[in-house]
Structure formats: structure tokens, C-alpha cells
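# Structural features, examined
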Amino acid sequence: MNVAVLIKQVPETTDVKISRETNTLMREGVASIINPFDMYAIEEALRIREQHGGKVTVITMGPPQAEEALRQALALGADDAVLLSDRAFAGADTLATSYTLARAIEKLGGFDLVICGKQAMDGDTAQVGPEVAENLDLPHVTYVRRIEELSPDHMRVQRMIEEGYEVIESPIPALITVVKEINEPRMPSIKRMLRAKKAAITSWTAADLGADESRIGLTGSPTRVIRVFTPEQRRAGEILEGETVQEKVRSLVAKLKETHLV
Amino acid sequence: MPVRVLSDRCTGCEACVAACPYGAIAVKDGVAVLLENCTHCGACAAECPAEAIEVEDVRAIAGAGPGAGADAGTASGFRGVWVFAEQRKGVPASVVYELLGEGRKLADDLGEELCAVLLGHNVGDAANELIAHGAEKVYVVDDPALADFQDEPYAQAMAELVEEHKPSILLLGATTIGRSLGPRVAARLRTGLTADCTGLAIDKEKRLLLQTRPAFGGNIMATILCPDRRPQMATVRHKVMKRAARDEARRGEIIRLVKDVLPPRATLVRVVEETQQMVNLAEADIIVSGGRGLGKAENFKIIEELAQVIGAAVGASRAAVDAGWIPYAHQVGQTGKTVCPKIYIACGISGAIQHLAGMGSSNIIVAINKDPGARIFNVATYGIVGDLFEVVPALTAELRKGACG
């Protein structure tokens, strides 16, 4: 069972703080990490390999320093890593990104399963997974919280929905995106970390992929960001005072009643 | 390059360095330089006090490609605003009516028609509801193969309808269905899709859809355009847009179409509804959430009691979910669900940024926490500093009293 995991290197955004003076993101010492949702994708791929054999290949598109994310994935136990890096890829939106990743998957000869995290922590779009599936004409299932069954040609998975979950069956090859509930990612071992430091990482450019130049990077991106701004910050409201808990609660209830919702 | 530093204007103040979410800008020899990992997001330009960073102008982009000019939206024959009428068991999701409310404004600004697309089986009544909420046309594909949502047949039917009828704009709810179907359709049509929009407007001069969405967990807002490709696709967050008013007197056309829908490879076997999830978090008007301050799983009972009295959904912080006190389906925040209720009551939640990212756009935020320095109070409309084990039951009792008389 050969599995590809598509990962993204992102700023460690949960540490991002907003400066009160300038109203901007403060990034002092913020490290780049593997997108946290992708950690569940990597873990699931490793578990599949442990059960069914085969290989786990991690793929990322990004600047040269995204290699660091691939080394982290190798330290967790992935077998191979492929970096797609080229100035021509810069400025790609989800459509151009998914096209590029799909070409790499094809060049690698395809996989039994492609796994992505449900979305990236910086963009939060959740679009690249299904778009890669469409590019490769694979079936896809989003928000997978459990793989119930996996055989050489078939899978049965649970897909999280608003009201609970769906059970979905699909032939493989297929693409799934996974949610946090699916597993508990392991820690890298020291031995693997040392090996990962020295591991060879395949690096491909647009030319290596034989990519259609009109479909990559900014040129291949139908969307354009035209304005970026910091949202109006919510201001602290009113702390309800009172001698007793009862008084505070009554004052809150009065406020809430004004909304006519309670 | 859409982002450019005008070195003669740059003062080397480093405001851009602090603003860059990717650490992709540095000041060298007193001038800002974009590094290789720059994604051209433009965050730096917004913060530059010297106006020394330029983002490629929207008009330049709109003028560059096919379909450019004053009537970009119609030049290639694409007209009309479409709303995907997501339904389960024949009942449209509430977000559909919000899309019709917003879609009406966009269609009026463009002087084009508002249409809904209804895919399903035995969904006739829903079409009339969509018309009562403002759709001028409803395209219906009624087919047993579309009875339940499945990505492939839905994507096929939607893409074919778009190719035949050429709408300029296609809106979907940012639900688990919309966020799965939308990208599949966009990739098939090779057009742009903006996820999770919280603001939509028409640039009347260029007739383009301005799509505004949060990124970086809500720390940054971005406005996005799809200048050349059609349709301009967006998924839209729940509870942000105003719901269309219902008017039974409205008349519209129901267009029934037959599609040769191919059987899907990934097929739905069954839906399991989980009883713990009494109210859908995304659709709830009121949410009561519990955090680390609850101390243990059993204490979620007091949260549930309060929620029950006011018909609220139960949410939780990551700390409470990670501790195993409540299932992940209840988690609100960056790694859980993004919610936008009318009232959000946070009990024993400190207000970590990842939690704020998931609920910060709620209309009213109530914080109950014993630590007066808790971050949640910085965003709370109303705060009560006190022990949640006293405050929450007192609040439940007070509200129950109100409910009875």
C-alpha cells in the first residue's frame, strides 16, 4: 500500500500575537512548522504502512526552506520526500497548487491513497485536497475521522458532518482529507531525526514536472488578493459588577433579554 | 510580481517585517527586501507607513486578461448569480437562505438574475421555498442518484449546469458539503474559488465580485478577486449574511433538467447522527461553551443545563476536548469549528488565540471566568468575574425563572 501525504509548511500561527500599539501580527521568533492538520495525515499514512506494508512519500510545494518540513516528516518515519520548488510556482492559489501537486503525483507513478490534512492553518481554505483529486480524476472523501477498512482495492471511512458522521465506501486509489479526531500523532525518534538530517530529498522544478506554465504559480491562479487588512479589533465590553453573584447574573440576564433571543 | 517594494520611498522602519505572516521580508541596507518565500499576500503593504510597498492594482489585473474591460462579467457571456441550494432530505440548509439574501443584493447591483440550483430527489417543495426567498429561476435536477449528497455526481451535475447556462457568480455555503463540492467543481471548471467568505460586494465599475475572507485564524482579512475566469466561485460562512425574507407572493420559474448522472465511486453507505450533538453548532443562534475551568468531564453537566434552558448548542475549548471531557465535534476554534452565533457564552475559557479565531465574530460574547486577567475579557461584550460553578447555575436558574413566567 503506497501512500502519498501532501503537506504544507506554515508559520506557527497559534503563537501569533497582535501588537496593541500597531495592530499587526507580532512574529518574533515564530518558527515554521508542518501544518498541524498534516501531522494527522502523516500519522495515518505511517499506521497504514505498519499494517499493510508499502511506502510513505511526503510531498510539499514551497520555497527551498520547506525542505525543513519534509525532514521533519522523515524524522517521523516517512520513507521518501519530494520538494516542489521553483520561482515559477510562487504566488499560486489553490487551483495552481493542486495542479502542481497532481503533476508530481503522476510523475511519481500514482499512489494507492493520497492523504491531506483537512486544511492549512494559514489559509484555512480546505480546497487543495479535493482539487488535487479532481485533477487526478480520483474519488475523494473530506473530513475523514476514521478509516474503518482498507484493502488493496477498497476503503470504508467515516466522514465527519455537522450532525454526526457518514460512512463512505470507495475504491482506491482515492484521496482523503483527515481531521484531528483520526489519531494521535507520534513524536519523532532521535535515531530517525539524525537519519532525516542526512536523507536525500528529491527536488523538482516546473520543468522537471513538465508542467504547463499557464497553469502554475501566479499565472495559473485565477484568483488575486487585492487587499489585505487587519480586522477591526473587538474591544473589551462591560464587566458586570454587583455585590453578589445573583446581582451580576440578573444584570446579565437583563442585557441578554434585550436581544429577544432568550 | 504583484507585491513590490519602492526602495526610494522605503524608510527601513521594519513595520513590514513585523506584519509579514511568513517572515518573508527583511530590511537590508535600510531597505525592505522580499525574500524567496514571499507569497505576495500583501500583508506588508497594508502596514507600510511610508506607502513604499505596492500591490499590483486590481484594475491593472482586470485589464490584463480576456473578459477585461467595463463589462468583464458579461463579455464572455457569463451572466447571473447562482446559489447552490444544499439540502438534506429535501430541506434546504439555513445557509441557503442567507446566500439568497446576499445573492439578491449582488444580482441587483449587477442588474442580473438570481437563480438557485437544487440537486436531489423528490425535492419539489424546496424549489417553491427558494422562489419565495427570492430566486427568479430554480434549476432542478431530480434524480435518485442525487438523493444523498455525494461529491462526484453532484460535481458532475453542477459543472454541466454551469457550462450550459454560464452564471457569472456561484455561491455555496461553507458547510462540510460546500467545502467538499466547491473545490471539486472549481477544479473541473478551472476557475477560482474563495473559501469561507464573510463579505461579498460588487465592484460596480468592473462588475467583479469582491470576496473578503479571514485568514491566519482571523488575524488578517483579505479581499480576493477572480478577474478573468468564470464563474467567480465562493463558499460563504454561516450566519454572516442576512437571511432573505420569505414572500409567498414571489413568482419564479422552475426549470427541470435531466442529467445522465454517472454513478459515484465514493458512495454513501449510511449517515450516523450522534445524539451528543443535540444542536448543530454552525447553525445555532446561541452557544454555551466550557473550557479548562470546568475541571472534569462531569462538570459539563452545568453547561448542558444552561444550554438546554435557552435552546443553545454546547461548545468547548480545545483544552476541554484534549482533556477528553467532551468529543471533538464540540470543539470551537482554529482546529475545531468556526462559529458565528448571536450569543456566545464562554464559561471557564481563558481565550487562547486559537479559540478566539473560532468564535471572535459572534455578535455578543459573554465571558464567565474567575481570573479577571483572562484574555477572553478583552473580547467579551459582557463579562462576569466569578467562579463559574456559582455563576453558571445561578444564570441557569435565573433564565429558567424567566422562561416560566
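Residues numbered from 1 in each chain as written. Chains lettered and ligands numbered in written order. Predicted model: local features only at pLDDT ≥ 70, side-chain atom pairs only at ≥ 80, totals over all residues. Heavy atoms only, no water.

### Topic: the overall build of chain A
Within chain A, the regular secondary structure consists of seven helices and 15 strands. For the C-alpha atoms alone, the extent of chain A along its principal axes is close to 70 × 40 × 40 Å. Evaluated residue by residue, chain A yields a buried proportion of 56% over its 262 residues. Considering only contacts within chain A whose residues lie at least 6 apart along the sequence, 69% involve residues at least 24 apart. With an accessible surface of roughly 11,100 Å², chain A has 48% of that area assigned to carbon and sulfur atoms. Distance from the positive charge centre (32 side chains) to the negative charge centre (39 side chains) of chain A: 4 Å. (Helix = DSSP H or I, 4+ residues; strand = E, 2+ residues; numbered from the N terminus. Buried < 20%, exposed > 50% of the residue type's maximum accessible area, 1.4 Å probe, protein only. Contact = heavy atoms within 4.5 Å. Areas by Shrake-Rupley, 256 points an atom, 1.4 Å probe, with all protein chains shown as cover. Lys, Arg positive; Asp, Glu negative; His and termini not counted. Charge placed at Lys NZ, Arg CZ, Asp CG, Glu CD.)

### Section: the overall build of chain B
Looking only at helices and strands, chain B features 12 helices and 22 strands. Along the first, second and third principal axes, the C-alpha set of chain B runs to 70 × 65 × 40 Å. Burial statistics for chain B: of 405 residues in total, 60% are counted as buried. A fraction of 63% describes how many contacts in chain B between residues 6 or more apart in sequence connect residues 24 or more apart. A total accessible area of about 15,300 Å² is found for chain B, and carbon and sulfur atoms account for 49% of it. In chain B, which carries 42 positive and 48 negative side-chain charges, the distance between the mean positions of the two groups comes to 1 Å.

### Some points on the sheet that holds strand 12 (residues 199–203) of chain B
Whenever strands of a sheet pair, they do so through backbone hydrogen bonds, lying parallel or antiparallel. In spatial order, the strands read 14(A)-14(B)-13(B)-12(B); together these four strands make up an open sheet with antiparallel pairing. Across the chains shown, the open sheet's two edge strands, defined by having one partner strand only, are strand 14 (224–229) of chain A together with strand 12 of chain B. Between one strand and the next, the sheet's axes are offset by a mean angle of 25°, whatever the strand orientation. With five bridges connecting them, strand 13 (residues 208–215) of chain B and strand 14 (residues 220–225) of chain B associate as antiparallel partners. Within the sheet, the bridge partner assigned to Gln211(B) lies in strand 14 of chain B and is Ile224(B). On the sheet, helix 5 (residues 94–110) of chain B packs against strand 12 and strand 13 of chain B and is oriented at approximately 5° with respect to strand 12 of chain B. (Pairing = 2+ DSSP bridges. Axes fitted to C-alpha atoms, helices over the stretch in contact; angles between N-to-C directions.)

### Describing the packing of aromatic side chains
The final tally for this structure, using the stated rule, is three aromatic pairs over all chains. Centre to centre, the rings of Phe149(B) and Tyr154(B) are 5.0 Å apart; their planes meet at 70°, and the pair counts as edge-to-face. Tyr154(B) matches Phe149(B) in its accessibility class, with the two residues each being buried. An aromatic cluster is defined as three or more aromatic residues linked by ring pairs; in this entry it consists of Phe84(B), Phe149(B) and Tyr154(B). Looking at Lys107(A), its charged tip hangs above the ring of Trp204(A), at a distance of 4.9 Å from the centre. A cation over an aromatic ring shows up here: Arg227(A) above the ring of Phe229(A), its NZ or CZ 3.9 Å from the ring centre. (Phe/Tyr/Trp six-rings, centres within 6.5 Å; stacked < 30°, edge-to-face > 60°. Lys NZ or Arg CZ within 6 Å of the ring centre and 35° of its normal.)

### Some words on the state of the cysteines
Here, disulfide denotes a covalent bond that connects the sulfur atoms of two cysteines. If you walk through the whole model with that rule in mind, you get zero disulfides over all chains. In this structure Cys340(B) is a free cysteine whose sulfur lies 14 Å from that of Cys197(B), the closest cysteine sulfur available. (Disulfide = S-S within 2.5 Å.)

### Focus on the sheet that holds strand 9 (residues 140–151) of chain A
One open sheet accounts for 10 strands, arranged 13(A)-7(A)-6(A)-1(A)-8(A)-12(A)-9(A)-10(A)-11(A)-17(B); its pairing is mixed. Each of the sheet's edge strands pairs with one partner strand only, and the pair in question is strand 13 (202–204) of chain A together with strand 17 (267–273) of chain B. Across the sheet, the mean angle from the axis of one strand to that of its neighbour is 30°, orientation sign disregarded. Pairing analysis gives three bridges linking strand 9 of chain A to strand 12 (residues 174–178) of chain A, with the strands arranged parallel. Across the sheet, Val141(A) pairs through a bridge with Ile176(A), a residue of strand 12 of chain A. Its contacts with the sheet place helix 3 (residues 94–107) of chain A against strand 1 (3–7), strand 6 (56–61), strand 7 (80–84), strand 8 (113–117) and strand 13 of chain A, and it is angled at close to 145° to strand 6 of chain A.

### Some details on the domain arrangement of chain B
According to the domain assignment, chain B consists of domain 1 (3–55), domain 2 (72–257) and domain 3 (281–404). Here the C-alpha centroids of domain 1 of chain B and domain 3 of chain B sit 39 Å apart. (Domains from an automatic or database assignment.)

### Structural notes on unusual backbone geometry
Across residues other than glycine, the phi torsion is negative in most instances, and most of the peptide bonds are trans. In this chain, Ile172(A) is followed by Pro173(A) through a cis amide linkage whose omega measures 10°. Here Pro173(A) is to be found in the loop between strand 11 (164–171) and strand 12. Note the cis peptide between Arg230(B) and Pro231(B), where omega equals -5°. Here Tyr143(A), not a glycine, exhibits a phi torsion of approximately 55°, which is positive. Along the polypeptide, Tyr143(A) turns up in strand 9. Although it is not a glycine, Arg207(B) sits at a positive phi angle of roughly 55°. Here Arg207(B) is to be found in the loop between strand 12 and strand 13. On the accessibility criterion, Arg207(B) (18% relative accessible area) is buried.

### Observations regarding the nonpolar core
Of all hydrophobic cores here, the largest spans 44 residues; its most connected members are Val288(B), Phe300(B), Val366(B) and Ile368(B). Setting aside chain neighbours within four positions, we find Val366(B) in contact with Leu252(A), Leu256(A), Ile343(B), Tyr344(B), Ile345(B), Ala346(B) and Tyr382(B). One finds Met1(A), Tyr40(A), Ile42(A) and Ile201(A) within the second-largest nonpolar core, a separate group that totals 41 residues. (Core = buried A, V, L, I, M, F, W, Y, C linked by side-chain atoms within 4.5 Å.)

### With respect to the interface of chain B and chain A
At the junction of the two partners, chain B supplies 107 residues and chain A supplies 90 residues. Approximately 8,900 Å² of surface area, both sides summed, lies buried where chain B meets chain A, with 58% of it carried by carbon and sulfur atoms. Where chain B meets chain A, there are seven salt bridges. Between chain B and chain A we count 35 residue pairs in polar contact (both at pLDDT 80 or more) in total. Tallied by class, the residues present in the side of chain B that touches chain A amount to 53 nonpolar, 32 polar and 22 charged. As paired strands, strand 11 of chain A and strand 17 of chain B are joined by six bridges and run antiparallel to one another. The partner of Gly164(A) across the bridge, within strand 17 of chain B, is Glu273(B). (Buried area = accessible area lost by both parts, 1.4 Å probe. Salt bridge = Lys/Arg side-chain N within 4 Å of Asp/Glu carboxyl O. Polar contact = N/O pair within 3.5 Å; in protein donor to acceptor, adjacent residues only side chain to side chain. Nonpolar A, V, L, I, M, F, W, Y, C, P; charged D, E, K, R; others polar.)

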